[in-house]
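Now for the letters of each chain:
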Protein chains: 2
Amino acid sequence: MANEKLSLALQGLANIEDELEACDKKVQNYRLSVLQPVYNKRNALIQDVPDFWKIVLTQHQDFADYIQVEDFKYVENISSIEIDWESIDEFQITFNFQGIEDDFPKQKVCKKFKLEYDVDKVYNPNKLKPEELEDMEEFGYWTSEPCAIQWPASYNGFNPAKIMDKSSAIGKKNYRKGMKSFFGWFKWTGLKIGKEFPNGQDLATLFTDDIYPHCLKYYTQAHRDLEDERDGTDSEVDDEEEPAFEIPEEVDEEEEEEEQEPASKKVKKG
Amino acid sequence: MANEKLSLALQGLANIEDELEACDKKVQNYRLSVLQPVYNKRNALIQDVPDFWKIVLTQHQDFADYIQVEDFKYVENISSIEIDWESIDEFQITFNFQGIEDDFPKQKVCKKFKLEYDVDKVYNPNKLKPEELEDMEEFGYWTSEPCAIQWPASYNGFNPAKIMDKSSAIGKKNYRKGMKSFFGWFKWTGLKIGKEFPNGQDLATLFTDDIYPHCLKYYTQAHRDLEDERDGTDSEVDDEEEPAFEIPEEVDEEEEEEEQEPASKKVKKG
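For clarity, every value in this text was computed on a predicted model and none was experimentally measured. (Residues numbered from 1 in each chain as written. Chains lettered and ligands numbered in written order. Predicted model: local features only at pLDDT ≥ 70, side-chain atom pairs only at ≥ 80, totals over all residues. Heavy atoms only, no water.)

Quick look at the overall build of chain A
For clarity, the cut-off: Where helices and strands are cited, they refer to DSSP runs of H or I of at least four residues and of E of at least two residues respectively, numbered from the N terminus. When accessible area is computed with a 1.4 Å probe and restricted to protein chains, residues below 20% of their type maximum are described as buried, those above 50% as exposed, and intermediate ones as partly exposed. We call two residues contacting when some pair of their heavy atoms lies within 4.5 Å. Where accessible areas are quoted, they stem from the Shrake-Rupley method and a 1.4 Å probe; at the residue level, only the protein chains shown are allowed to cover.
Secondary structure summary: chain A contains 11 helices and four strands in total. Relative to its full complement of 270 residues, chain A shows a buried share of 45%. Look at the contacts in chain A between residues 6 or more apart in sequence, and 60% of them connect residues 24 or more apart. Here chain A displays about 14600 Å² of accessible surface, and carbon together with sulfur accounts for 46% of that area.

Written as C-alpha coordinates, this is what we have:
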(Lines give C-alpha, C1' and ligand atoms only; values in the text may rest on other atoms or scores of the structure.)
Protein backbone atom coordinates (compact mmCIF):
# COMPACT_ATOMS: atom_id res chain seq x y z
CA MET A 1 0.00 0.00 0.00
CA ALA A 2 2.76 2.43 1.02
CA ASN A 3 4.68 1.34 -2.06
CA GLU A 4 1.74 2.05 -4.31
CA LYS A 5 1.45 5.56 -2.85
CA LEU A 6 5.15 6.16 -3.39
CA SER A 7 4.98 4.84 -6.93
CA LEU A 8 2.08 7.17 -7.72
CA ALA A 9 3.97 10.10 -6.20
CA LEU A 10 7.08 9.35 -8.30
CA GLN A 11 4.96 9.10 -11.44
CA GLY A 12 3.36 12.40 -10.52
CA LEU A 13 6.76 13.99 -10.00
CA ALA A 14 7.89 12.79 -13.42
CA ASN A 15 4.95 14.72 -14.86
CA ILE A 16 5.89 17.73 -12.72
CA GLU A 17 9.34 17.73 -14.30
CA ASP A 18 7.72 17.90 -17.72
CA GLU A 19 5.42 20.66 -16.53
CA LEU A 20 8.36 22.67 -15.19
CA GLU A 21 10.13 22.37 -18.52
CA ALA A 22 6.98 23.46 -20.32
CA CYS A 23 6.78 26.45 -17.92
CA ASP A 24 10.32 27.37 -18.79
CA LYS A 25 9.49 27.32 -22.48
CA LYS A 26 6.38 29.41 -21.86
CA VAL A 27 8.39 31.98 -19.90
CA GLN A 28 11.05 32.16 -22.62
CA ASN A 29 8.38 32.73 -25.26
CA TYR A 30 6.76 35.39 -23.09
CA ARG A 31 10.13 37.07 -22.67
CA LEU A 32 10.66 37.24 -26.43
CA SER A 33 7.16 38.64 -27.00
CA VAL A 34 7.69 41.34 -24.35
CA LEU A 35 11.13 42.33 -25.64
CA GLN A 36 10.43 42.39 -29.38
CA PRO A 37 8.50 45.71 -29.50
CA VAL A 38 11.12 47.39 -27.27
CA TYR A 39 13.92 46.10 -29.48
CA ASN A 40 12.09 47.41 -32.54
CA LYS A 41 11.91 50.90 -31.00
CA ARG A 42 15.55 50.63 -30.01
CA ASN A 43 16.63 49.66 -33.53
CA ALA A 44 14.87 52.71 -34.97
CA LEU A 45 16.67 55.02 -32.53
CA ILE A 46 20.04 53.38 -33.18
CA GLN A 47 19.76 54.46 -36.83
CA ASP A 48 20.23 58.06 -35.60
CA VAL A 49 23.44 57.25 -33.73
CA PRO A 50 26.39 57.38 -36.12
CA ASP A 51 28.67 54.31 -36.12
CA PHE A 52 26.65 52.58 -33.40
CA TRP A 53 27.29 49.00 -34.54
CA LYS A 54 30.80 49.76 -35.73
CA ILE A 55 31.62 50.96 -32.21
CA VAL A 56 29.90 48.05 -30.47
CA LEU A 57 31.41 45.33 -32.65
CA THR A 58 34.96 46.61 -33.01
CA GLN A 59 35.27 47.16 -29.26
CA HIS A 60 33.64 43.87 -28.19
CA GLN A 61 36.30 41.57 -26.72
CA ASP A 62 34.65 38.20 -27.35
CA PHE A 63 33.45 39.08 -30.83
CA ALA A 64 37.05 39.71 -31.86
CA ASP A 65 37.84 36.06 -31.05
CA TYR A 66 35.61 34.90 -33.88
CA ILE A 67 36.86 37.05 -36.71
CA GLN A 68 40.08 37.68 -38.60
CA VAL A 69 42.02 40.94 -38.68
CA GLU A 70 41.10 41.63 -42.31
CA ASP A 71 37.40 41.14 -41.50
CA PHE A 72 37.28 44.28 -39.33
CA LYS A 73 37.05 46.55 -42.38
CA TYR A 74 33.76 44.83 -43.32
CA VAL A 75 32.47 44.51 -39.76
CA GLU A 76 32.85 48.30 -39.51
CA ASN A 77 30.70 48.46 -42.61
CA ILE A 78 27.64 47.04 -40.79
CA SER A 79 25.00 49.75 -40.40
CA SER A 80 22.34 47.70 -38.65
CA ILE A 81 21.74 44.38 -36.93
CA GLU A 82 18.32 43.00 -36.13
CA ILE A 83 17.32 39.72 -34.56
CA ASP A 84 13.83 38.33 -34.99
CA TRP A 85 12.66 35.28 -33.10
CA GLU A 86 10.06 33.08 -34.74
CA SER A 87 9.93 31.03 -31.54
CA ILE A 88 12.55 30.13 -28.94
CA ASP A 89 13.83 27.50 -31.39
CA GLU A 90 14.10 29.67 -34.48
CA PHE A 91 15.49 33.10 -35.21
CA GLN A 92 17.12 35.16 -37.92
CA ILE A 93 19.84 37.81 -37.80
CA THR A 94 19.63 40.55 -40.41
CA PHE A 95 22.72 42.59 -41.24
CA ASN A 96 22.80 45.71 -43.37
CA PHE A 97 26.14 46.47 -44.98
CA GLN A 98 26.65 50.01 -46.31
CA GLY A 99 29.03 48.89 -49.03
CA ILE A 100 32.51 50.05 -50.08
CA GLU A 101 32.99 51.40 -53.60
CA ASP A 102 34.73 49.05 -56.04
CA ASP A 103 35.18 46.39 -53.35
CA PHE A 104 32.07 45.42 -51.47
CA PRO A 105 28.42 45.92 -52.49
CA LYS A 106 25.80 47.49 -50.27
CA GLN A 107 23.54 44.62 -49.19
CA LYS A 108 21.05 43.25 -46.70
CA VAL A 109 21.82 39.72 -45.52
CA CYS A 110 19.58 37.54 -43.43
CA LYS A 111 20.89 34.39 -41.74
CA LYS A 112 18.35 31.95 -40.30
CA PHE A 113 18.96 29.59 -37.39
CA LYS A 114 16.92 26.66 -36.17
CA LEU A 115 17.32 24.37 -33.19
CA GLU A 116 17.57 20.79 -34.39
CA TYR A 117 17.28 17.54 -32.38
CA ASP A 118 17.75 14.97 -35.12
CA VAL A 119 21.46 14.11 -35.15
CA ASP A 120 21.03 12.08 -38.34
CA LYS A 121 21.15 15.39 -40.18
CA VAL A 122 24.85 15.74 -39.34
CA TYR A 123 26.94 14.72 -42.39
CA ASN A 124 29.88 13.38 -40.41
CA PRO A 125 28.61 12.31 -36.97
CA ASN A 126 31.76 10.15 -36.58
CA LYS A 127 33.61 13.41 -35.78
CA LEU A 128 31.59 13.70 -32.57
CA LYS A 129 31.93 11.79 -29.30
CA PRO A 130 28.92 9.68 -28.27
CA GLU A 131 28.31 12.06 -25.30
CA GLU A 132 28.28 15.03 -27.67
CA LEU A 133 25.68 13.35 -29.86
CA GLU A 134 23.60 12.48 -26.79
CA ASP A 135 23.69 16.10 -25.60
CA MET A 136 22.71 17.32 -29.05
CA GLU A 137 19.75 14.93 -29.10
CA GLU A 138 18.67 15.93 -25.61
CA PHE A 139 19.23 19.69 -25.60
CA GLY A 140 19.22 20.38 -29.32
CA TYR A 141 21.88 22.01 -31.47
CA TRP A 142 21.73 25.10 -33.66
CA THR A 143 21.78 24.73 -37.41
CA SER A 144 21.57 27.29 -40.17
CA GLU A 145 20.99 27.56 -43.89
CA PRO A 146 24.01 28.75 -45.87
CA CYS A 147 23.04 32.25 -46.90
CA ALA A 148 23.77 34.28 -50.02
CA ILE A 149 26.19 37.08 -49.31
CA GLN A 150 28.38 38.90 -51.82
CA TRP A 151 31.99 38.74 -50.68
CA PRO A 152 34.40 41.67 -50.99
CA ALA A 153 36.48 41.76 -54.16
CA SER A 154 39.55 41.90 -51.92
CA TYR A 155 38.67 38.36 -50.73
CA ASN A 156 38.74 36.88 -54.25
CA GLY A 157 41.88 34.92 -53.45
CA PHE A 158 40.18 32.90 -50.73
CA ASN A 159 36.48 33.27 -51.50
CA PRO A 160 35.46 29.57 -51.59
CA ALA A 161 33.15 30.19 -54.55
CA LYS A 162 36.10 31.41 -56.62
CA ILE A 163 38.58 28.66 -55.77
CA MET A 164 38.61 26.34 -58.78
CA ASP A 165 41.05 23.73 -57.56
CA LYS A 166 40.15 22.83 -53.97
CA SER A 167 42.39 19.74 -53.99
CA SER A 168 45.77 21.45 -54.44
CA ALA A 169 47.70 22.47 -51.31
CA ILE A 170 47.29 26.18 -52.05
CA GLY A 171 43.63 25.69 -52.99
CA LYS A 172 42.95 23.92 -49.69
CA LYS A 173 44.77 26.58 -47.72
CA ASN A 174 42.82 29.41 -49.35
CA TYR A 175 39.54 27.53 -49.00
CA ARG A 176 40.14 27.11 -45.27
CA LYS A 177 41.12 30.75 -44.93
CA GLY A 178 37.88 31.81 -46.58
CA MET A 179 35.76 29.51 -44.44
CA LYS A 180 37.36 30.97 -41.31
CA SER A 181 36.59 34.57 -42.28
CA PHE A 182 33.47 36.40 -41.10
CA PHE A 183 31.98 35.77 -44.53
CA GLY A 184 32.59 32.04 -44.06
CA TRP A 185 30.20 32.18 -41.12
CA PHE A 186 27.35 33.03 -43.49
CA LYS A 187 27.92 29.62 -45.15
CA TRP A 188 27.93 27.82 -41.79
CA THR A 189 25.28 25.10 -41.44
CA GLY A 190 26.23 23.39 -38.17
CA LEU A 191 26.04 20.04 -39.97
CA LYS A 192 29.57 19.56 -41.31
CA ILE A 193 31.70 19.05 -38.25
CA GLY A 194 35.20 20.50 -38.54
CA LYS A 195 34.69 21.62 -42.14
CA GLU A 196 33.02 24.97 -41.61
CA PHE A 197 33.48 28.31 -39.86
CA PRO A 198 34.82 27.27 -36.40
CA ASN A 199 32.30 27.50 -33.53
CA GLY A 200 29.65 29.06 -35.77
CA GLN A 201 27.00 28.17 -33.20
CA ASP A 202 28.82 30.11 -30.51
CA LEU A 203 29.07 33.21 -32.69
CA ALA A 204 25.31 33.01 -33.30
CA THR A 205 24.57 32.77 -29.57
CA LEU A 206 27.08 35.54 -28.87
CA PHE A 207 24.82 37.75 -30.98
CA THR A 208 21.56 36.53 -29.44
CA ASP A 209 22.58 36.21 -25.78
CA ASP A 210 25.13 38.98 -25.40
CA ILE A 211 25.77 41.53 -28.16
CA TYR A 212 22.15 42.15 -29.16
CA PRO A 213 20.49 42.31 -25.71
CA HIS A 214 23.35 44.35 -24.19
CA CYS A 215 24.32 46.52 -27.16
CA LEU A 216 23.43 49.79 -25.37
CA LYS A 217 25.73 48.91 -22.48
CA TYR A 218 28.52 47.95 -24.90
CA TYR A 219 28.05 51.12 -26.94
CA THR A 220 28.33 53.36 -23.87
CA GLN A 221 31.34 51.49 -22.58
CA ALA A 222 33.10 51.40 -25.95
CA HIS A 223 32.28 55.02 -26.69
CA ARG A 224 33.76 56.07 -23.34
CA ASP A 225 36.87 53.92 -23.87
CA LEU A 226 37.36 55.50 -27.31
CA GLU A 227 37.04 59.01 -25.86
CA ASP A 228 39.49 58.15 -23.10
CA GLU A 229 41.94 56.90 -25.71
CA ARG A 230 41.52 60.16 -27.64
CA ASP A 231 42.06 62.18 -24.44
CA GLY A 232 45.05 60.03 -23.55
CA THR A 233 43.58 59.09 -20.16
CA ASP A 234 43.66 55.56 -18.82
CA SER A 235 40.38 53.89 -19.68
CA GLU A 236 40.82 51.36 -16.86
CA VAL A 237 40.31 53.98 -14.21
CA ASP A 238 36.89 55.41 -14.81
CA ASP A 239 34.93 53.00 -16.91
CA GLU A 240 33.09 51.66 -13.92
CA GLU A 241 30.19 53.49 -12.46
CA GLU A 242 28.82 56.18 -14.77
CA PRO A 243 25.16 55.88 -15.74
CA ALA A 244 24.85 54.24 -19.14
CA PHE A 245 22.83 57.06 -20.69
CA GLU A 246 21.81 60.37 -19.21
CA ILE A 247 18.31 60.01 -17.85
CA PRO A 248 16.31 62.77 -19.53
CA GLU A 249 14.56 65.28 -17.24
CA GLU A 250 11.05 64.22 -18.17
CA VAL A 251 11.38 60.73 -16.67
CA ASP A 252 9.17 60.83 -13.59
CA GLU A 253 9.93 59.25 -10.25
CA GLU A 254 7.73 56.24 -10.72
CA GLU A 255 9.66 55.20 -13.80
CA GLU A 256 12.92 55.77 -12.04
CA GLU A 257 11.88 53.31 -9.37
CA GLU A 258 11.29 50.63 -11.96
CA GLU A 259 14.79 51.21 -13.13
CA GLN A 260 16.12 50.12 -9.76
CA GLU A 261 15.14 46.55 -10.50
CA PRO A 262 17.99 44.33 -9.27
CA ALA A 263 20.01 43.20 -12.25
CA SER A 264 22.02 41.08 -9.86
CA LYS A 265 20.90 40.07 -6.41
CA LYS A 266 24.23 38.51 -5.68
CA VAL A 267 25.63 41.40 -3.70
CA LYS A 268 27.71 39.61 -1.10
CA LYS A 269 27.71 40.72 2.44
CA GLY A 270 28.02 39.24 5.94
CA MET B 1 20.68 69.80 -36.54
CA ALA B 2 22.49 66.46 -36.68
CA ASN B 3 23.47 66.98 -33.07
CA GLU B 4 19.89 67.54 -32.06
CA LYS B 5 18.84 64.32 -33.76
CA LEU B 6 21.64 62.45 -31.99
CA SER B 7 20.73 63.99 -28.66
CA LEU B 8 17.08 62.94 -29.11
CA ALA B 9 18.19 59.41 -30.04
CA LEU B 10 20.39 59.14 -26.95
CA GLN B 11 17.55 60.36 -24.74
CA GLY B 12 15.29 57.82 -26.39
CA LEU B 13 17.83 55.07 -25.78
CA ALA B 14 18.03 56.01 -22.09
CA ASN B 15 14.28 55.39 -21.93
CA ILE B 16 14.74 52.11 -23.78
CA GLU B 17 17.18 50.95 -21.09
CA ASP B 18 14.50 51.62 -18.48
CA GLU B 19 11.93 49.83 -20.59
CA LEU B 20 14.19 46.80 -20.96
CA GLU B 21 14.66 46.65 -17.19
CA ALA B 22 10.91 46.93 -16.69
CA CYS B 23 10.49 44.07 -19.21
CA ASP B 24 12.91 41.97 -17.20
CA LYS B 25 10.90 42.57 -14.04
CA LYS B 26 7.67 41.74 -15.86
CA VAL B 27 9.15 38.48 -17.15
CA GLN B 28 10.42 37.51 -13.70
CA ASN B 29 6.99 38.14 -12.22
CA TYR B 30 5.38 36.13 -14.99
CA ARG B 31 7.82 33.30 -14.31
CA LEU B 32 6.88 33.20 -10.63
CA SER B 33 3.17 33.23 -11.43
CA VAL B 34 3.56 30.36 -13.90
CA LEU B 35 5.71 28.26 -11.58
CA GLN B 36 3.77 28.70 -8.32
CA PRO B 37 0.85 26.35 -9.12
CA VAL B 38 3.26 23.67 -10.42
CA TYR B 39 5.37 23.97 -7.27
CA ASN B 40 2.24 23.63 -5.16
CA LYS B 41 1.35 20.37 -6.90
CA ARG B 42 4.94 19.23 -6.54
CA ASN B 43 4.99 19.95 -2.81
CA ALA B 44 1.85 17.88 -2.28
CA LEU B 45 3.41 14.90 -4.11
CA ILE B 46 6.69 15.23 -2.21
CA GLN B 47 4.79 14.56 1.02
CA ASP B 48 4.30 10.98 -0.20
CA VAL B 49 8.02 10.43 -0.79
CA PRO B 50 9.68 9.39 2.49
CA ASP B 51 12.75 11.40 3.51
CA PHE B 52 12.61 13.56 0.37
CA TRP B 53 14.08 16.73 1.91
CA LYS B 54 16.41 14.80 4.20
CA ILE B 55 17.91 13.15 1.12
CA VAL B 56 18.10 16.36 -0.89
CA LEU B 57 19.63 18.48 1.86
CA THR B 58 22.09 16.02 3.36
CA GLN B 59 23.47 15.14 -0.08
CA HIS B 60 23.65 18.72 -1.43
CA GLN B 61 27.30 19.77 -1.70
CA ASP B 62 26.89 23.55 -1.46
CA PHE B 63 24.31 23.42 1.31
CA ALA B 64 26.84 21.57 3.49
CA ASP B 65 29.14 24.61 3.26
CA TYR B 66 26.64 26.69 5.20
CA ILE B 67 25.95 24.43 8.15
CA GLN B 68 27.83 22.79 11.00
CA VAL B 69 28.29 19.05 11.50
CA GLU B 70 25.96 18.98 14.53
CA ASP B 71 23.23 20.73 12.50
CA PHE B 72 22.73 17.72 10.21
CA LYS B 73 20.64 15.91 12.83
CA TYR B 74 18.11 18.77 12.67
CA VAL B 75 18.37 19.32 8.92
CA GLU B 76 17.39 15.64 8.55
CA ASN B 77 14.37 16.49 10.67
CA ILE B 78 12.91 18.82 8.02
CA SER B 79 9.76 17.26 6.55
CA SER B 80 8.83 20.02 4.12
CA ILE B 81 10.15 23.21 2.54
CA GLU B 82 7.97 25.68 0.69
CA ILE B 83 8.87 28.99 -0.89
CA ASP B 84 6.21 31.60 -1.61
CA TRP B 85 6.98 34.74 -3.58
CA GLU B 86 4.97 37.83 -2.79
CA SER B 87 6.73 39.56 -5.68
CA ILE B 88 10.22 39.26 -7.14
CA ASP B 89 11.44 41.41 -4.20
CA GLU B 90 9.80 39.50 -1.39
CA PHE B 91 9.48 35.84 -0.45
CA GLN B 92 9.20 33.51 2.50
CA ILE B 93 10.60 30.06 3.15
CA THR B 94 8.51 27.76 5.33
CA PHE B 95 10.14 24.78 7.03
CA ASN B 96 8.32 22.01 8.83
CA PHE B 97 10.36 20.16 11.45
CA GLN B 98 9.03 16.77 12.61
CA GLY B 99 10.55 17.14 16.08
CA ILE B 100 12.75 14.83 18.19
CA GLU B 101 11.46 13.62 21.54
CA ASP B 102 12.96 15.35 24.59
CA ASP B 103 15.24 17.48 22.43
CA PHE B 104 13.57 19.39 19.66
CA PRO B 105 9.90 20.35 19.30
CA LYS B 106 7.82 19.69 16.19
CA GLN B 107 7.31 23.12 14.61
CA LYS B 108 6.53 25.15 11.50
CA VAL B 109 8.91 28.05 10.93
CA CYS B 110 8.51 30.77 8.34
CA LYS B 111 11.39 33.08 7.43
CA LYS B 112 10.61 36.19 5.37
CA PHE B 113 13.00 37.97 3.04
CA LYS B 114 12.72 41.37 1.41
CA LEU B 115 14.95 43.16 -1.07
CA GLU B 116 16.05 46.48 0.40
CA TYR B 117 17.69 49.46 -1.34
CA ASP B 118 18.08 51.84 1.58
CA VAL B 119 21.58 51.26 2.97
CA ASP B 120 20.85 53.53 5.95
CA LYS B 121 19.11 50.52 7.47
CA VAL B 122 22.46 48.77 7.93
CA TYR B 123 23.56 49.16 11.59
CA ASN B 124 27.27 49.19 10.88
CA PRO B 125 27.79 50.44 7.29
CA ASN B 126 31.41 51.25 8.19
CA LYS B 127 32.10 47.50 7.83
CA LEU B 128 31.37 47.76 4.12
CA LYS B 129 33.50 49.19 1.34
CA PRO B 130 32.05 52.21 -0.55
CA GLU B 131 31.71 50.02 -3.68
CA GLU B 132 29.76 47.42 -1.71
CA LEU B 133 27.35 50.08 -0.45
CA GLU B 134 26.97 51.46 -3.97
CA ASP B 135 26.14 48.00 -5.31
CA MET B 136 23.62 47.46 -2.53
CA GLU B 137 21.93 50.76 -3.35
CA GLU B 138 21.86 50.00 -7.05
CA PHE B 139 20.97 46.31 -7.14
CA GLY B 140 19.40 45.93 -3.71
CA TYR B 141 20.33 43.56 -0.91
CA TRP B 142 18.33 40.88 0.86
CA THR B 143 17.20 41.46 4.40
CA SER B 144 15.11 39.31 6.73
CA GLU B 145 13.21 39.54 9.98
CA PRO B 146 14.69 37.44 12.79
CA CYS B 147 12.21 34.63 13.16
CA ALA B 148 11.02 32.69 16.18
CA ILE B 149 12.32 29.14 16.19
CA GLN B 150 12.66 26.81 19.17
CA TRP B 151 16.23 25.56 19.38
CA PRO B 152 17.14 21.98 20.27
CA ALA B 153 17.79 21.34 24.00
CA SER B 154 21.17 19.93 22.95
CA TYR B 155 22.12 23.45 21.76
CA ASN B 156 21.49 25.03 25.19
CA GLY B 157 25.21 25.65 25.69
CA PHE B 158 25.42 27.96 22.68
CA ASN B 159 21.82 29.03 22.09
CA PRO B 160 22.28 32.85 22.07
CA ALA B 161 19.01 33.34 23.99
CA LYS B 162 20.40 31.23 26.86
CA ILE B 163 23.84 32.82 27.13
CA MET B 164 23.66 35.18 30.11
CA ASP B 165 27.14 36.60 30.01
CA LYS B 166 27.97 37.54 26.41
CA SER B 167 31.01 39.60 27.41
CA SER B 168 33.15 36.79 28.88
CA ALA B 169 35.53 34.94 26.55
CA ILE B 170 33.59 31.69 26.84
CA GLY B 171 30.27 33.55 26.52
CA LYS B 172 31.45 35.22 23.29
CA LYS B 173 32.76 31.95 21.92
CA ASN B 174 29.47 30.15 22.56
CA TYR B 175 27.44 33.07 21.23
CA ARG B 176 29.42 32.99 17.99
CA LYS B 177 29.06 29.23 17.74
CA GLY B 178 25.29 29.57 18.10
CA MET B 179 25.06 32.34 15.50
CA LYS B 180 26.99 30.19 13.04
CA SER B 181 24.67 27.20 13.43
CA PHE B 182 21.73 26.56 11.09
CA PHE B 183 19.47 27.94 13.83
CA GLY B 184 21.51 31.14 13.88
CA TRP B 185 20.44 31.68 10.26
CA PHE B 186 16.83 32.10 11.42
CA LYS B 187 17.98 35.17 13.42
CA TRP B 188 19.83 36.60 10.41
CA THR B 189 18.66 40.10 9.34
CA GLY B 190 21.25 41.11 6.77
CA LEU B 191 21.68 44.42 8.61
CA LYS B 192 24.44 43.64 11.14
CA ILE B 193 27.53 43.13 9.06
CA GLY B 194 29.94 40.51 10.46
CA LYS B 195 27.81 39.89 13.55
CA GLU B 196 25.33 37.36 12.23
CA PHE B 197 25.14 33.98 10.51
CA PRO B 198 27.86 34.23 7.83
CA ASN B 199 26.61 34.77 4.24
CA GLY B 200 22.98 34.44 5.30
CA GLN B 201 21.90 36.07 2.05
CA ASP B 202 23.72 33.42 0.03
CA LEU B 203 22.04 30.59 1.93
CA ALA B 204 18.65 32.20 1.20
CA THR B 205 19.40 32.45 -2.51
CA LEU B 206 20.81 28.90 -2.49
CA PHE B 207 17.30 27.82 -1.47
CA THR B 208 15.48 30.07 -3.96
CA ASP B 209 17.76 29.74 -6.99
CA ASP B 210 19.08 26.21 -6.66
CA ILE B 211 17.73 23.79 -4.05
CA TYR B 212 14.02 24.61 -4.43
CA PRO B 213 13.76 24.85 -8.24
CA HIS B 214 16.00 21.79 -8.80
CA CYS B 215 15.02 19.61 -5.83
CA LEU B 216 13.68 16.80 -8.04
CA LYS B 217 16.98 16.57 -9.88
CA TYR B 218 18.88 16.60 -6.57
CA TYR B 219 16.61 13.96 -5.07
CA THR B 220 17.09 11.59 -8.01
CA GLN B 221 20.83 12.14 -8.01
CA ALA B 222 21.22 11.78 -4.23
CA HIS B 223 18.92 8.77 -4.10
CA ARG B 224 20.98 7.04 -6.76
CA ASP B 225 24.25 7.92 -5.01
CA LEU B 226 22.89 6.50 -1.75
CA GLU B 227 21.83 3.28 -3.46
CA ASP B 228 25.22 2.97 -5.11
CA GLU B 229 26.86 3.40 -1.73
CA ARG B 230 24.63 0.68 -0.31
CA ASP B 231 25.49 -1.62 -3.25
CA GLY B 232 29.16 -0.82 -2.81
CA THR B 233 29.45 0.42 -6.40
CA ASP B 234 31.27 3.56 -7.31
CA SER B 235 28.77 6.38 -7.59
CA GLU B 236 31.09 8.41 -9.79
CA VAL B 237 30.70 5.99 -12.65
CA ASP B 238 27.04 6.01 -13.47
CA ASP B 239 25.48 9.13 -12.04
CA GLU B 240 25.40 10.82 -15.37
CA GLU B 241 22.75 10.11 -17.87
CA GLU B 242 19.77 8.24 -16.44
CA PRO B 243 16.39 9.87 -16.80
CA ALA B 244 15.42 11.73 -13.62
CA PHE B 245 12.15 9.91 -13.08
CA GLU B 246 10.58 7.12 -15.05
CA ILE B 247 8.14 8.65 -17.51
CA PRO B 248 4.81 6.91 -16.85
CA GLU B 249 3.18 5.10 -19.76
CA GLU B 250 0.23 7.46 -20.07
CA VAL B 251 2.34 10.45 -21.08
CA ASP B 252 1.54 10.97 -24.74
CA GLU B 253 3.99 11.89 -27.47
CA GLU B 254 3.06 15.53 -27.60
CA GLU B 255 3.98 16.01 -23.96
CA GLU B 256 7.20 14.14 -24.47
CA GLU B 257 8.18 16.58 -27.15
CA GLU B 258 7.71 19.49 -24.79
CA GLU B 259 10.09 17.76 -22.46
CA GLN B 260 12.86 18.03 -25.04
CA GLU B 261 13.01 21.79 -24.51
CA PRO B 262 16.68 22.77 -24.50
CA ALA B 263 17.76 23.31 -20.91
CA SER B 264 21.10 24.33 -22.31
CA LYS B 265 21.76 25.42 -25.85
CA LYS B 266 25.44 25.58 -25.29
CA VAL B 267 26.31 22.24 -26.85
CA LYS B 268 29.62 22.99 -28.47
CA LYS B 269 30.45 21.71 -31.85
CA GLY B 270 32.48 22.68 -34.88
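Alright, that's what it looks like, and here's the rest.
Points about unusual backbone geometry
Even without being a glycine, D51 of chain A presents a positive backbone phi close to 60°. For D51 of chain A, a relative accessible area of 46% puts it in the partly exposed group. Residues other than glycine seldom take positive phi values, yet D102 of chain B does so here, at roughly 60°. Positionally, D102 of chain B belongs in the loop between β2 (90-97) and β3 (107-116).

Topic: the nonpolar core
Proteins that are soluble and globular tend to have nonpolar side chains buried together. This is how it is decided: Each nonpolar core is a collection of buried residues, namely Ala, Val, Leu, Ile, Met, Phe, Trp, Tyr and Cys, held together in the definition by side-chain atoms within 4.5 Å.
By size, the foremost hydrophobic cluster in this structure holds 57 residues, and its most contacted members are W53, F63, F95, F182, W185 and F207 of chain B. It is helix α9 (residues 215-231) of chain B that contributes the most residues to this core, six residues altogether.

Observations concerning the sheet that holds strand β3 (residues 107-116) of chain A
Residues and elements named next belong to chain A. Test applied: In short, DSSP must find at least two bridges between two strands for them to pair. Note on geometry: axes are C-alpha line fits, over the in-contact stretch for helices, and angles between N-to-C directions span 0 to 180 degrees.
Pairing within the open sheet is antiparallel, and its four strands lie in the order β1-β2-β3-β4. Looking along the sheet, the strands with just one partner apiece sit at the ends: β1 (78-87) and β4 (141-144). With strand direction ignored, the average angle separating the axes of adjacent strands in the sheet is 20°. Bridge count between β1 and strand β2 (residues 90-97): eight bridges; the pairing is antiparallel. Along β2, the bridge assignment pairs I83 with I93. Of the strands in this sheet, β1, β2, β3 and β4 are in contact with helix α8 (residues 200-211), which crosses β2 at around 80°.

Let's talk about the side chain of K111 of chain A
Residue and element names in this part refer to chain A. Here is the rule we go by: We count Lys and Arg on the positive side and Asp and Glu on the negative side, and we leave His and both chain ends out. Salt-bridge detection follows one rule: a side-chain nitrogen of Lys or Arg within 4 Å of a carboxyl oxygen of Asp or Glu. Whenever a nitrogen or oxygen atom comes within 3.5 Å of another N or O atom, the pair is scored as a polar contact, on the condition that within protein one atom can donate a hydrogen and the other can accept it, and that pairs from neighbouring residues in sequence are kept only if both atoms are in side chains.
Secondary-structure assignment places K111 in strand β3. The side chain of K111 sits in the buried core without any salt bridge; E196 is the nearest counter-charge, 7.5 Å away. Within the local environment of K111, its side chain forms a polar contact with the side chain of S144, the two groups lying 2.9 Å apart. At 2.8 Å, the side chain of K111 forms a polar contact with the backbone oxygen of W188. Residues in contact with K111, not counting those within four places in the same chain, are F91, Q92, I93, S144, E145, P146, C147, W185, F186, K187 and W188.

Description of helix α9 (residues 215-231) of chain A
Rules: Expected helix span is given by 1.5 Å per residue-to-residue step, counting one fewer step than there are residues.
When the terminal C-alpha atoms of α9 of chain A are compared, their 24 Å separation across 17 residues agrees well with the 24 Å that a helix rising 1.5 Å per residue should span. Note on α9 of chain A: the residue one or two positions beyond its end, G232 of chain A, has a positive phi of about 75°.

Remarks on the environment of I83 of chain A
Residues and elements named next belong to chain A. Mapped onto the elements of the fold, I83 is located in strand β1. For the pair I83 and C110, spaced 27 residues apart in sequence, the C-alpha separation works out to 9.4 Å. Leave out the neighbours within four places in its chain, and I83 touches Q36, F91, Q92, I93, F207, T208 and Y212.

Things to note about the pattern of salt bridges
Applying the stated criterion across every chain, the model contains 10 salt bridges over all chains. In this structure, D48 of chain B engages K5 of chain A in a salt bridge whose closest nitrogen and oxygen atoms are separated by 3.7 Å. Remark: K5 of chain A occurs in helix α1 (residues 2-46) and D48 of chain B occurs in the loop between α1 (2-46) and α2 (52-59); the pair is interchain, linking two chains. For E70 of chain B, the salt bridge is made with K177 of chain B, and the minimal N-O distance between the two is 3.5 Å. Of this pair, E70 of chain B sits in the loop between α3 (61-66) and α4 (72-75) while K177 of chain B is found in helix α6 (residues 169-180), placing the two residues 107 residues apart along the sequence.

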